[in-house]
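# Structural description and commentary
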Amino acid sequence: MAKTGWLTALVAGVALLGGCASTPERPQRSTAELFVARDAENAERAKAFNVLMGGLLLRAETKAAAAAKTPGGPPATLDMLVISGGGDWGAFGAGVLKGWGRVTGDMARPEFDAVTGVSTGAMIAPFAFLGDDESIERIEHLYRNPKADWVQSRGLMFFLPNNPSFFALPGLEREMRAILDHSMLERIVAESAGGRALLVNTTNIDLGEMHPWDVVAETKSALASHNEEHVYQVLLASAGIPAVFPARDIGDYLYVDGAITGNILYGGRAAEQDSFPARWRARNEKLPMPRLRFWVIFNNQFRFPPEIVRERWPDIMNRATIMATQTSTVNSMRHMFAQAEVVRLKYGVDVQIRVLAVPESWVPPKPGSFQAEVMNSLADLGEKLGADPSSWRATPP
């Protein structure tokens with residue numbers, strides 16, 4: 001009886017705490033209103049996509065015209081960098097970018113015409129977009145030096161339903177604001193001249209679909225309105241693992257990890273008639289289309305090493321969630337390769353896809369997330385592979 005009484009009291013206490021609101025209630029909207037809102041959001045994104053595509057087409061036409069003036073010279077090329085999610089394994093991608101800077105010739109790290117990032121890739125993407133050694137050194141230094149307060153538990157009752165997430169990110173938010181400061185944001189806008197694009201993916205959890213953001217446009221708007229915090233919220237939203245890290249309330253909606261709806265952002269959902277090759281053909285019947293190169297940095301392994309998972313919900317949830325994202329990313333990569341083959345056959349374009357991933361043989365030197373030893377090992381590995389052009393894979397996983 002006494003044991004049952006203690007158990008009843010504990011359950012009642014947890015229920016009571018669970019009923020204590022720790023986050024403000026959000027305004028409610030009917031399902032019908034949300035359907036209308038989703039249609040409006042889709043229309044706005046279609047318009048934004050057309051603007052982005054128009055800028056990229058103009059950039060490609062400028063490159064193609066310049067290459068046509070020098071017969072026998074290097075081909076006009078559009079280089080797109082695609083950076084996946086992967087949490088603290090983003091240290092690998094940061095290392096790849098640094099090591100890649102030591103490569104010369106046709107495989108050298110280019111000035112990217114478009115950079116996309118998701119989750120941890122969204123944190124890296126602005127620095128890859130700027131593309132100079134100092135910017136890449138900044139982001140690699142961040143991943144090599146995780147601080148104890150990057151991720152903080154919300155306490156013993158972290159699992160209560162009215163907590164916004166299991167963990168808060170005070171240190172990571174502070175350091176992101178420090179390294180991506182006002183001058184860096186101004187540089188992003190300046191570097192976008194000529195049609196270069198920078199995009200990150202998030203998931204609109206209210207409307208139930210992916211929401212890519214044009215970081216250049218958002219940065220321009222944020223600087224004009226003196227609201228730089230908006231840019232940080234977009235990037236942090238992309239990295240907000242649902243329930244684990246905080247969701248971000250931006251405008252009318254709540255946003256979480258972009259990896260939920262697309263762990264790599266490569267234009268795979270665009271209709272064929274809206275794609276770059278189709279638009280180029282419609283605008284330029286005689287001017288040869290530039291070579292298209294996609295560089296994909298996968299901050300993960302194609303297949304995880306097998307392990308015996310403890311029968312505890314955190315261990316099961318962690319491994320299963322990562323495996324789900326990993327599998328969907330591999331499928332997206334296969335789709336990329338299939339799309340490239342269609343473009344080659346239909347339009348006669350030289351389309352190249354190269355992928356660099358954490359080798360399946362690599363094993364973390366110690367367990368746990370955001371461990372300096374693990375992240376430095378990944379950064380070292382990334383630097384080594386990035387400096388070796390033969391590390392890039394040109395076949396689908």
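Residues numbered from 1 in each chain as written. Predicted model: local features only at pLDDT ≥ 70, side-chain atom pairs only at ≥ 80, totals over all residues. Heavy atoms only, no water.

## Remarks on the pattern of salt bridges
Within the structure shown, the criterion is met by 34 salt bridges. One salt bridge connects Glu-229 with Arg-177, and the closest N-O pair in it is separated by 2.7 Å. Note that Glu-229 is positioned in helix H9 (residues 229–238) and Arg-177 in helix H6 (residues 170–179), a separation of 52 residues in sequence. We classify Arg-177 as partly exposed; its relative accessible area is 28%. The salt bridge partner of Asp-315 is Arg-312, with a shortest N-O separation of 2.6 Å. Connected through salt bridges with shared partners, the residues Lys-98, Arg-102, Glu-137, Glu-140, Arg-144, Asp-380 and Glu-383 form a single ionic network. (Salt bridge = Lys/Arg side-chain N within 4 Å of Asp/Glu carboxyl O. Helix = DSSP H or I, 4+ residues; strand = E, 2+ residues; numbered from the N terminus. Buried < 20%, exposed > 50% of the residue type's maximum accessible area, 1.4 Å probe, protein only.)

## Structural notes on the confidence of the model for the chain
Per-residue pLDDT for the chain has a mean of 90; in total, 93% of the residues score no lower than 70. Low pLDDT, under 50, characterises residues 1–21; the predicted model gives this stretch nine contacts beyond four residues in sequence or across chains. (pLDDT = per-residue confidence, 0-100. Contact = heavy atoms within 4.5 Å.)

## Here we look at helix H7 (residues 182–191)
Here H7 has its buried residues at Met-184, Leu-185 and Ile-188. Down the axis of H7, the buried set is contained in an arc of 100 degrees. They therefore lie on one face. (Arc of directions from axis to C-beta.)

## Thoughts on the pairing of strand E5 (residues 197–204)
Of all eight residues that make up E5, eight are buried, and the element is covered over most of its length. Side chains of E5 alternate between two faces, with Ala-197, Leu-199, Asn-201 and Thr-203 and Leu-198, Val-200, Thr-202 and Asn-204 buried alike. Between E5 and strand E6 (residues 209–214), which pair antiparallel and follow one another directly, the connecting turn spans four residues, one of which, Gly-208, has a positive phi of 75 degrees. Relative to strand E8 (residues 253–257), E5 is paired through three bridges, and the arrangement is antiparallel. What sits directly across from Thr-203, in E8, is Val-256. (Pairing = 2+ DSSP bridges.)

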